[in-house]
Amino acid sequence: MSLLLGQIVDALGGELEGATRETRIARIAPLESAGPGDLSFLSNPRYQQQLAASQAACVIVAPALREQARQRGACIVAANPYAYFARATQLWRQAQGRGPVPGVHPSAVVHPDAQVDASAIIGPLCVVERGARIGAGTWLKSRVTVGEDCQVGARCILHSGVVVGADGFGFAPEDGAWVKIEQLGAVRIGDDVELGANTCVDRGALDDTVIEDGVKLDNLVQIGHNVHVGRHAAMAGCAGVAGSARIGAHCTVGGGGIVLGHLALADHVHVSAATTVTRSISQPGLYTGMFPADENAKWEKNAATLKQLHALRERIKALEQALKAT
Amino acid sequence: MSLLLGQIVDALGGELEGATRETRIARIAPLESAGPGDLSFLSNPRYQQQLAASQAACVIVAPALREQARQRGACIVAANPYAYFARATQLWRQAQGRGPVPGVHPSAVVHPDAQVDASAIIGPLCVVERGARIGAGTWLKSRVTVGEDCQVGARCILHSGVVVGADGFGFAPEDGAWVKIEQLGAVRIGDDVELGANTCVDRGALDDTVIEDGVKLDNLVQIGHNVHVGRHAAMAGCAGVAGSARIGAHCTVGGGGIVLGHLALADHVHVSAATTVTRSISQPGLYTGMFPADENAKWEKNAATLKQLHALRERIKALEQALKAT
Amino acid sequence: MSLLLGQIVDALGGELEGATRETRIARIAPLESAGPGDLSFLSNPRYQQQLAASQAACVIVAPALREQARQRGACIVAANPYAYFARATQLWRQAQGRGPVPGVHPSAVVHPDAQVDASAIIGPLCVVERGARIGAGTWLKSRVTVGEDCQVGARCILHSGVVVGADGFGFAPEDGAWVKIEQLGAVRIGDDVELGANTCVDRGALDDTVIEDGVKLDNLVQIGHNVHVGRHAAMAGCAGVAGSARIGAHCTVGGGGIVLGHLALADHVHVSAATTVTRSISQPGLYTGMFPADENAKWEKNAATLKQLHALRERIKALEQALKAT
């Protein structure tokens, strides 16, 4: 597999400088490990010093770094080098010619009353239940379940093990036991959504759970019933959103982050990894809550003191008053 | 799909007031979004003000709210409105006539030495291994694995991707490597248990892992080997219980909560979301441990100070002594 | 199923004392619950007092406890009793004669261009994609996916629901949406690796994700793209390692522990359960960060004060200065 730089700029735009269109690219590689046949990129200006040292055949850079890049060697100048790099990986994948063939794998179990677009790809051992709808170009990789009446839009990717439309977790307590609340809603997933391996999106209790266009969820993410995830939100691995929470557009949740039930997050709220959100957040910004890791012995001392923190505050107050009185 | 109010009270009891038995119900809906053809419910007296404003055709209420509900319009009076609502969703599901048909889906792989009750439903692409037993009316949705010699009781629901009976995580260290401890126990699951999508219950090392009757586990929950989960306990998504822990009856664990290995939780212990339990708990009650989320800049300051908390306590002590000495 | 003590020491070594080689063992059992027909073990000297009380037919002990064990009854003396016990469970499993038969289950979907060793076991409903390689004696239990071009070494066990080689979570932001970065790398897994149920190991973005020999991962673990996990590292359930992190050899991560992206952990670093590592760690040792669980009312007070911790520190400073001035 290889591509010419000319093929790349023809497909993706950008200004090629310092190399001919015929220069052959063997690989796309990170700046620090790129060899003389490789295409690389510099997306974060903080790594500028790596630029000069890189052996890459060509580096994708922003206009502001054009001169610096030219001093080193060949470059492609693009407004958003990281997005350009992303599209280069897509071009690479296409050129490999290994894309999936539309259609339903013979081992998949698709209910006759499901609607699967002719351009969709239903991979091996997937299950598509009655009334489910799978949009154009959407790819269920392998061992994916899309439950009854759930909809998945166009150009989505559902990785192996994904479960869309399991019952939400709803039970009414009665006499010390739990009475099941049948989950009568479904799941509606927009276009260009990607769900990572073994991620779960539960069906709604009465209304639907909704994942809007462009949302990206990593592996092992849990989305509870009646959650609404706004456009282009993204969540890293092991994140969880409890029932009826409303996540705004363009929000992000770091790995292992949790949003409790019935909360609302405004657009552009960013939750750090391993952070639990217990109240609604109305202002955009970055939010964090996490006990910082430390050597265990130090943590033990600090954690023990933490259990007396409120009392310590009272002692500080008392000291302040005593000092005033002296 | 629709039901008459008369059909509902005939099936579930309760006193219908302010409407005829022939009133047709088009949907079950939450109080705030219910339309004039919908049945709704008021389970939490805190939402009383929503009652007057609701457009629902009929609202399920507790006896104490009978008068208030009657002023608005039609109601069904029931001792436990939330449980009544739950049963109404079950009635609705039944009336849809879409229940599963008992039997083994042709795509499932069931070992000839497994015992599957004739009324059980083994969904598409499930695996039931040698010696496993599946009880009456139990439903393995799709892509569920029940391992060798594991038992699942009656009327259970195992959602897609569940794995019952994978090996517990047991290894003996020797010369810097790990020697596998074969997991010779199995898993015993009682009646009326529900396991969420992609949830895992490991087999025991020597004895069995036990899930008692009526337990409800949400999605992506991890139950380690030799754990014992008592009757009617419930755990929300992404919760985890480490090996040999003993969870009492009626306990609950919030989303992402963790119970460490070999601990014992008394009956009626409730663990908040994102809380890690590191010691046994002998008293019923609610337990929490979680760094509250804050704006990142504030968190950074507080988290940095937290690493010196023990030293701060010493400084407070020193201040108190110095002040005493003045 | 039963074994003679003579068969055990013939296979595993150790010195049998106080019982004949013909003594029949019905079960392997923990010290406290072992009956008169059972083989047990004492690995942790802290449990010495349980030794005298045990009814086991024979107890595996270290040389230092030989006398004490002999006073009680029969014993096998072995240098590492816990590893000896582990091997005894393996012997037991073998003697049950229920080992898997090499070969590909007819329900599995194996691409014709995948290379599966003749001694490997591909269980029911597994998916092995184009270019994947499965080594000698490796066992994919059931419903396991090994993606395109991914390699799994020899003698590995992949439990049900494992996904090796789903796309890493890589997207470039552009105009408020996400541009997919095709994940062009693969996953390389060494020998003697065990992956728990529903665990995910993502393929690399440009280079490969690497799991070295002897690594053991529990259930529902998430390994991001381009992570490198060193030899004989082990991670408990629900742990997560974000992209490009480098975990040293012999490291352990407790249940629910998280290592953030691009960090490096030295060899022999141990991360406690529910701990998030936010910086690289260059020294071996045990690291912890977790808000200790407490009664909810106490936690609420302490957590509220925690949000003012930095301000409290300033007040302590002010007090110290004021006191100095008096």
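- Under the annotation held in an unreviewed UniProt entry, chain A carries the name UDP-3-O-acylglucosamine N-acyltransferase and is attributed to Paenacidovorax caeni.
- Taken directly from UniProt, the Pathway (unreviewed entry) text for chain A runs: "Bacterial outer membrane biogenesis; LPS lipid A biosynthesis."
- UniProt's Sequence similarities (unreviewed entry) comment on chain A is quoted here verbatim: "Belongs to the transferase hexapeptide repeat family. LpxD subfamily."

Some words on the overall build of chain A
Here's step 1: Regarding its fold elements, chain A presents 6 helices and 37 strands.
Here's step 2: By the compact-globule yardstick of 20 Å for 326 residues, chain A is too spread out, its C-alpha radius of gyration being 26 Å.
Here's step 3: With respect to the principal axes defined by its C-alpha atoms, chain A has extents near 80 × 75 × 35 Å.
Here's step 4: Classification of the 326 residues of chain A by burial places 57% in the buried group.
Here's step 5: For chain A, contacts bridging at least 24 residues in sequence account for 20% of all contacts bridging at least 6.
Here's step 6: Just so you have it, chain A exposes about 12300 Å², and 50% of that area is on carbon and sulfur atoms.
Here's step 7: Here chain A carries 29 positive and 31 negative side-chain charges, and the mean point of each set is 7 Å from the other.

Some details on the relation of the copies chain A and chain C
Here's step 1: Least-squares fitting of chain A to chain C yields an RMSD of 0.0 Å, with the superposition described by an axial translation of 0.0 Å and a rotation of 120°. The operation mapping one copy onto its partner corresponds to a three-fold rotation axis. In terms of proximity to the rotation axis, the leading residue of chain A is Phe291(A), whose C-alpha is 3.5 Å off the axis.

Here's the deal with the interface of chain A and chain C
Here's step 1: Contact residues are listed per partner, giving 68 residues for chain A and 67 residues for chain C.
Here's step 2: Summed over both partners, the interface of chain A with chain C buries about 5700 Å², with 63% contributed by carbon and sulfur atoms.
Here's step 3: Contact with chain C buries area across many residues of chain A, yet Arg93(A), Arg98(A) and Arg143(A) alone supply 11% of it, more than any other trio.
Here's step 4: For Glu174(C), the salt bridge is made with Arg87(A), and the minimal N-O distance between the two is 2.9 Å.
Here's step 5: There are 32 residue pairs in polar contact (both at pLDDT 80 or more) connecting chain A and chain C.
Here's step 6: Only β4 (27-28), α4 (81-96), β25 (216-217), β28 (234-235), β37 (294-295), α5 (296-306) and α6 (309-325) of chain A provide two or more residues apiece to the side of chain A that touches chain C.

Describing the pattern of salt bridges
Here's step 1: Here the structure, examined in full by the defined rule, presents 63 salt bridges over all chains.
Here's step 2: Here Glu17(A) makes a salt bridge to Arg70(A), at a shortest N to O gap of 3.5 Å. Residue Glu17(A) is located in strand β2 (residues 15-17), and its partner Arg70(A) is located in helix α3 (residues 66-72); the two are separated by 53 residues in the primary sequence.
Here's step 3: Look at Glu17(A) and you get buried, because its relative accessible area is 18%.
Here's step 4: Here Asp149(B) ties to Arg98(C) by a salt bridge, and the two come within 2.9 Å at their closest N and O atoms. Linking Asp149(B) in the loop between β15 (145-146) and β16 (151-152) with Arg98(C) in the loop between α4 (81-96) and β8 (103-104), this pair reaches from one chain into another.
Here's step 5: Judged by its relative accessible area of 34%, Asp149(B) falls in the partly exposed class.
Here's step 6: Residue Arg98(C) is classed as partly exposed on the basis of its relative accessible area, which comes to 26%.

Topic: the packing of helix α5 (residues 296-306) of chain B against helix α6 (residues 309-325) of chain C
Here's step 1: At a closest axis distance of 7 Å, the pairing of α5(B) and α6(C) adopts a crossing angle of 60°. Between α5(B) and α6(C), the angle is such that the two are oblique. Two secondary-structure elements touch here, α5(B) through Lys301(B), Asn302(B), Thr305(B) and Leu306(B) and α6(C) through Leu309(C), His310(C) and Arg313(C).
Here's step 2: For the contact of α5(B) with α6(C), a count of residues per class yields 2 nonpolar, 3 polar and 2 charged.

Brief notes about the sheet that holds strand β12 (residues 127-128) of chain C
All names here are of chain C.
Here's step 1: Within the open sheet, the 9 strands sit side by side as β9-β12-β15-β18-β23-β26-β29-β32-β35. Their pairing is parallel. At either margin of the open sheet sits one strand with a lone partner, and together these are β9 (109-110) and β35 (276-277).
Here's step 2: Of the strand pairs in this sheet, strand β29 (residues 240-241) and strand β32 (residues 258-259) are connected by 2 bridges, and their pairing is parallel. Bridge pairing in β32 places Val241 opposite Val259.

Examining the domain arrangement of chain A
Here's step 1: Considered domain by domain, chain A is made up of domain 1 (3-96), domain 2 (114-287) and domain 3 (296-325).
Here's step 2: One C-alpha centre belongs to domain 1 of chain A, the other to domain 3 of chain A, and the line joining them spans 55 Å.

Describing the interface of chain A and chain B
Here's step 1: Every contact between the two is made by 67 residues of chain A and, on the other side, 69 residues of chain B.
Here's step 2: For the pairing of chain A and chain B, the buried interface totals around 5700 Å² over both sides, and the portion due to carbon and sulfur atoms is 63%.
Here's step 3: Taken as a group, Phe169(A), Trp178(A) and Leu206(A) account for 12% of the area that chain A buries against chain B, more than any other trio of residues on that side.
Here's step 4: Along the contact surface separating chain A from chain B lie 8 salt bridges.
Here's step 5: At the junction of chain A and chain B, the tally comes to 32 residue pairs in polar contact (both at pLDDT 80 or more).
Here's step 6: Broken down by element, the residue count for the side of chain A that touches chain B peaks at 7 residues, all from α6(A).

A short note on the packing of aromatic side chains
The description of an aromatic ring pair rests on the distance of the ring centres and on the angle between the ring planes.
Here's step 1: Considering all chains together, one arrives at 12 aromatic pairs over all chains under this definition.
Here's step 2: Measuring from centroid to centroid gives 3.9 Å for Phe41(B) and Phe85(B), while their planes differ by 15°, and the two rings are stacked. Placement of the pair is Phe41(B) in strand β5 (residues 38-41) and Phe85(B) in helix α4 (residues 81-96), with a sequence separation of 44 residues.
Here's step 3: Taking relative accessible area as the criterion, Phe41(B) reaches 14% and is therefore assigned buried.
Here's step 4: Judged by relative accessible area, which is 4%, Phe85(B) ranks as buried.
Here's step 5: Note that Lys141(A) overlies the ring of Trp139(A), its terminal NZ or CZ placed 4.0 Å from the centroid.

Details of the packing of helix α1 (residues 5-12) of chain C against α4(C)
Angle between the axes and distance between the axes are the two parameters that describe a pair of packed helices.
Residues and elements named next belong to chain C.
Here's step 1: Their axes nearest at 11 Å, the elements α1 and α4 cross at an angle of 115°. As far as their axial angle goes, α4 and α1 are roughly perpendicular. Between α1 and α4 the crossing geometry is right-handed. Across from Gln7, Ile8, Val9, Ala11 and Leu12 in α1, the residues of α4 making contact are Tyr84, Arg87, Ala88 and Leu91.
Here's step 2: The class makeup of the residues in the contact of α1 with α4 is 7 nonpolar, 1 polar and 1 charged.

Topic: the side chain of Asn296(C)
Here's step 1: As for its position among the elements, Asn296(C) is in helix α5 (residues 296-306).
Here's step 2: Residue class for Asn296(C) comes out buried when judged on its relative accessible area of 15%.
Here's step 3: Not counting chain neighbours up to four residues away, the residues in contact with Asn296(C) comprise Ser272(B), Leu286(B), Tyr287(B) and Thr288(B).

With respect to the pairing of strand β18 (residues 163-166) of chain A
Residue and element names in this part refer to chain A.
Here's step 1: Pairing of strand β15 (residues 145-146) with β18, which is carried by 2 bridges, proceeds in the parallel orientation. The residue of β18 that forms the bridge with Thr145 is Val163.
Here's step 2: Relative to strand β23 (residues 200-202), β18 is paired through 3 bridges, and the arrangement is parallel. What sits directly across from Ala166, in β23, is Asp202.

Quick look at the environment of Met290(B)
Here's step 1: As for its placement among the helices and strands, Met290(B) is situated in the loop between β36 (285-288) and β37 (294-295).
Here's step 2: Looking at Met290(B), the relative accessible area reads 8%, which means it is buried.
Here's step 3: The residues contacting Met290(B), other than those within four sequence positions of it, are Thr276(A), Thr278(A), Ala273(B), Ala274(B), Phe291(C) and Trp299(C).

What about the UniProt feature "active site" (unreviewed entry) in chain A?
Residue and element names in this part refer to chain A.
Here's step 1: UniProt's feature table lists "active site" (unreviewed entry) at His225, given in the numbering used throughout.
Here's step 2: With respect to the element layout, His225 can be found in the loop between β26 (222-223) and β27 (228-229).
Here's step 3: Those residues in contact with His225 that sit more than four places away from it in its chain are Gly168, Phe169, Gly170, Gln183, Asp202, Arg203, Gly204, Ala205, Thr209, Gly243 and Ser244.
Here's step 4: Within the structure, His225 has its side chain in polar contact with the side chain of Gln183 (distance 2.7 Å).

What counts and what doesn't
Residues numbered from 1 in each chain as written. Chains lettered and ligands numbered in written order. Predicted model: local features only at pLDDT ≥ 70, side-chain atom pairs only at ≥ 80, totals over all residues. Heavy atoms only, no water. UniProt positions renumbered as here; feature names shortened; annotations may be inferred. Helix = DSSP H or I, 4+ residues; strand = E, 2+ residues; numbered from the N terminus. Rg over C-alpha atoms; globule rule 2.2 N^0.38 Å. Buried < 20%, exposed > 50% of the residue type's maximum accessible area, 1.4 Å probe, protein only. Contact = heavy atoms within 4.5 Å. Areas by Shrake-Rupley, 256 points an atom, 1.4 Å probe, with all protein chains shown as cover. Lys, Arg positive; Asp, Glu negative; His and termini not counted. Charge placed at Lys NZ, Arg CZ, Asp CG, Glu CD. Least-squares fit on C-alpha atoms with pLDDT ≥ 70 in both. Buried area = accessible area lost by both parts, 1.4 Å probe. Salt bridge = Lys/Arg side-chain N within 4 Å of Asp/Glu carboxyl O. Polar contact = N/O pair within 3.5 Å; in protein donor to acceptor, adjacent residues only side chain to side chain. Axes fitted to C-alpha atoms, helices over the stretch in contact; angles between N-to-C directions. Parallel < 35°, antiparallel > 145°, perpendicular 65-115°, else oblique. Nonpolar A, V, L, I, M, F, W, Y, C, P; charged D, E, K, R; others polar. Pairing = 2+ DSSP bridges. Domains from an automatic or database assignment. Phe/Tyr/Trp six-rings, centres within 6.5 Å; stacked < 30°, edge-to-face > 60°. Lys NZ or Arg CZ within 6 Å of the ring centre and 35° of its normal. Left-handed = near helix turned anticlockwise from the far one by under 90°.

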